[in-house]
Structures are given as C-alpha cells and as structure tokens.
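Listed below, chain by chain, are the residues.
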Amino acid sequence: KTDQVEVSIISGEYFRTKFFHAPKNSWAADEANQVNILLVKMQKGAKFSYPSKTGLNRSVYFFEGEGGMLNGEMISNKQAVFVEASAELEISSHGELEFLLLEAKPIGEPVFQHGPFVMNSREEIVQTITDYQRTQFGGWKWKRDDMTHGPGLERFAKYPDGRIEKPQI
C-alpha cells in the first residue's frame, strides 16, 4: 500500500507476497496455474504498474470510480478489459478508481457461458439452468429468492481472512 494505491491480494501473489485461498482440490489452488486475483484501489492521479508475464490470460474489471487510462487508452467505470499478459500493465486514474485484476494460465478446456453460469458446453448450460429452475441448486432455505443478504441493499466484500469491508456512505 502506498498513499495513492492500495493492493489487496485475494488469492495469488503480488511482489513476492503470497496468499493462496482456493479449495485445496481445485485447479486454482495449484500454484503452477499462477492464479492471481488482486483488488486495486487508486486515488486521483495515482499510477499502477504490473509486470508482464508469459502464458497467462489477464482481465481487468473496473467497477468503481471515475475512469482513467489503461495502457494509454481511456477506460470507464463498469468495464471489463481483456489485456495481453505479455505486456506490462500501466493504469493511471483520473479520479478514484477501483478494479479487479484477474490472471491465470489458460484452463485448457472449452468454456461456454450463459448469464452467471459457466460450463464446458451448451448442453451442460441447459442442464444447469434446468437444475436451477427445478431446485435452486438443492433447495433454497429462504422465503424469497430475490435477496441473499436481507432486505437492505448493502454492498460488501468478505476476504479470505474473514475481514469484511463495506463502502463508506
């Protein structure tokens, strides 16, 4: 953390600091797959650099803030950008900016996505949607299916170490 940039390691490694938190039998738990999930918060005028790496997929999800520049191109809030991991990542902020940096080796399987569901084939997606419509993945114990955290609209992040962060209002 600097005065202008705060980096939280959700899982993976950042400048020789490691924190792996994935189910122990999962693909993501294998350090050889180089799964990195970083939450980056930047103040106005801040700059963030991230080194190039070979053989990885890299995505940056901007979800809060006033925009900035990503490798010399304008970016805005609520934008996902897939970038080449073989090039250094340079981000500068025009105002406060918050984003997730996600990277890992390619999983080596076909990927099929529909809404929040991600599987390996269209057939698996159809079956998953059918299962969800029939059982809500084994039964939903709450009276309503439109809320998962109570009646209040509340944004928060729960970190692997148990810490909960809520935005200041």
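Our subject is the structure that appears above.
Just so we're clear, the structure is a prediction, and the values are computed from it rather than from any experiment.

Draft legend 1. Region of interest: the layout of surface pockets. By volume, the largest pocket is sized at about 620 Å³. Lining the largest pocket we find 25 residues, and of these Lys41, Glu64, Glu98, Glu165 and Pro167 sit closest to its centre. When contributions to the lining of the largest pocket are tallied by element, the ones reaching two or more residues are strand 1 (5-14), strand 3 (36-42), strand 5 (57-65) and strand 10 (97-104). Residue composition of the lining of the largest pocket, by class: nine nonpolar, five polar and eleven charged. Of the volumes computed, that of the second largest pocket is approximately 370 Å³. Along its surface, the second largest pocket is lined by 16 residues, and Asn57, Ser59, Leu102, Glu103 and Ala104 are the ones closest to its centre. Looking at the lining of the second largest pocket element by element, the count peaks at four residues for strand 5. Taken together, the residues of the lining of the second largest pocket sort by class into ten nonpolar, three polar and three charged.

Draft legend 2. Up close: a nonpolar patch on the surface. A cluster of nonpolar side chains, contributed by Trp27, Ile107, Val111 and Val118, occupies part of the molecular surface with about 360 Å² of accessible area. Assignment of secondary structure puts isoleucine 107 in the loop between strand 10 and strand 11 (112-114).

Reading the values: the criteria
- Residues numbered from 1 in each chain as written.
- Predicted model: local features only at pLDDT ≥ 70, side-chain atom pairs only at ≥ 80, totals over all residues.
- Heavy atoms only, no water.
- 1 Å grid on protein atoms, 1.4 Å probe; cavity = no way out; pocket = protein on both sides within 12 Å on 5 of 7 lines; lining within 4 Å.
- Points joined across faces, edges and corners; volume = space filled by probe spheres on them.
- Helix = DSSP H or I, 4+ residues; strand = E, 2+ residues; numbered from the N terminus.
- Nonpolar A, V, L, I, M, F, W, Y, C, P; charged D, E, K, R; others polar.
- Patch = residues over 30% accessible without salt bridge, like charges linked within 9 Å, V, L, I, M, F, W, Y side chains within 5 Å.
- Areas by Shrake-Rupley, 256 points an atom, 1.4 Å probe, with all protein chains shown as cover.
- Salt bridge = Lys/Arg side-chain N within 4 Å of Asp/Glu carboxyl O.

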